[in-house]
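# Descriptive structure summary
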Amino acid sequence: MLKAATTLALLAAPALATTQDDVLAAQLRPGWQTENGSRMAAIELRLAPGWKTYWRSPGDAGIPPSFDWSGSENVKSVRLHWPAPEVFEANGMQTIGYHERLVLPVEVTPRDPSRPVRLSVVMALGVCDEICLPATLELTSDLAAPGAPDASIKAALQARAHTAGEAGVTGVACQVDPITDGLRVTARVRLPDPGHPEVVAFETADRAVWVSEAVTQREGGELVSMTELVPPNGAPFALDRSGITMTILTAGGAVEVKGCPAAP
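This write-up is about the structure you can find in this document. None of the values given here were measured: they were computed from a predicted structure.

## Describing the pattern of salt bridges
Two side chains bearing opposite charge may form a pair once their charged atoms approach each other closely. Enumeration over the complete set of coordinates arrives at 14 salt bridges. The closest approach of N and O atoms between Arg118 and Asp142, which form a salt bridge, is 2.8 Å. Of the two residues, Arg118 is situated in strand E9 (residues 117–128) and Asp142 in strand E10 (residues 132–143); the sequence distance between them amounts to 24 residues. The exposure class of Arg118 is partly exposed, given its relative accessible area of 33%. Among the ionic pairs, Glu203 bridges to Arg207, the shortest N-O distance being 3.0 Å. Here the salt bridges do not stand alone but share partners, grouping Arg29, Glu44, Arg46, Arg101 and Asp150 into one network.

Printed below as a string of structure tokens:
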């Protein structure tokens, strides 16, 4: 288990880092019980200066995190609330993630709200600076009710991506064309220009489908973004348009657009 007691003195010396414990510390923040009976907790990661870890869809050169909650007790379901990530450019490659600190809110629905909840996670992730290290965390916490307000968790929840409605999206249309080894998706999203460069990250319901880095441009009030989707068998396939998520990232935050309907 990676213990929360890993010292910040170690975190201050990335040049000497050779192991996970040198650059990464973690804990489960127990949080509070919500009005609907769920528990709002969080995974907190602290990384050495200059080090980063990755968002759920990290880009071609990133390492996607994975979570195993099977060791938990009295847990029916777990939902992650991702704060808006950053875009990193290095050596001509784009990755998406977080640097130095991440508080990742975890909403836990208990099987029996009247009983105690014990949250346990095994998290596999990548951490990178000039080199990349695979890391594994084993974290456990009792989530007592009612718990207590946690400013760090609340700030992370406020930093989530805006919904399409919140961001002023007035239309979404996607053209899907077959290519030799999969599909090309061209999305046109009508939303106000934020005045900053925009990066679009596409996700599909099927995580086995490889998604290319999107090519994105502005055409007035429309954001036009194109990506290619390649399944494991390397052939065109039936796309679940409702399972497409587009996250539009800018210096001012993020917008999450769900669904990729055909043009009317």
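## Examining the nonpolar core
Leu24, Ile43, Leu45, Leu119, Leu125, Val127 and Leu137 are the most contacted members of the largest nonpolar core, which totals 36 residues. When contributions to this core are tallied by element, the ones reaching two or more residues are strand E1 (24–33), strand E2 (39–47), strand E7 (93–99), strand E8 (101–109), E9, E10 and strand E14 (199–203). Every residue in contact with Leu125, bar those within four places of it in the chain, is listed here: Leu24, Leu45, Thr53, Ile63, Pro65, Leu133, Pro134, Ala135 and Leu137. Judged by nonpolar contacts, the second largest core, of 19 residues, contains Val189, Val200, Leu223 and Leu229.

## Structural notes on empty space enclosed by the protein
Summed over the entire model, instances satisfying the criterion amount to 1 cavity of 30 Å³ or more. Its boundaries defined by the atoms lining it, the largest cavity holds a volume of some 30 Å³. Counting only elements with at least two residues in the lining of the largest cavity, the list comes to strand E13 (182–190), E14, strand E17 (222–230) and strand E18 (245–250). In the lining of the largest cavity, the residues fall into 7 nonpolar, 1 polar and no charged.

## Details of helix H3 (residues 151–158)
Of all the residues in H3, the buried ones are Ser152, Ile153 and Ala156. Summarising the axial view, the buried residues of H3 lie within an arc of 100°, below the 170-degree limit, and thus occupy one face. Set apart from the buried face of H3 by more than 90 degrees, the exposed residues are Ala151 and Gln158. Those residues of H3 that are buried are in contact with E1, E2 and E8.

Conventions used here
- Residues numbered from 1 in each chain as written.
- Predicted model: local features only at pLDDT ≥ 70, side-chain atom pairs only at ≥ 80, totals over all residues.
- Heavy atoms only, no water.
- Salt bridge = Lys/Arg side-chain N within 4 Å of Asp/Glu carboxyl O.
- Helix = DSSP H or I, 4+ residues; strand = E, 2+ residues; numbered from the N terminus.
- Buried < 20%, exposed > 50% of the residue type's maximum accessible area, 1.4 Å probe, protein only.
- Core = buried A, V, L, I, M, F, W, Y, C linked by side-chain atoms within 4.5 Å.
- Contact = heavy atoms within 4.5 Å.
- 1 Å grid on protein atoms, 1.4 Å probe; cavity = no way out; pocket = protein on both sides within 12 Å on 5 of 7 lines; lining within 4 Å.
- Points joined across faces, edges and corners; volume = space filled by probe spheres on them.
- Nonpolar A, V, L, I, M, F, W, Y, C, P; charged D, E, K, R; others polar.
- Arc of directions from axis to C-beta.

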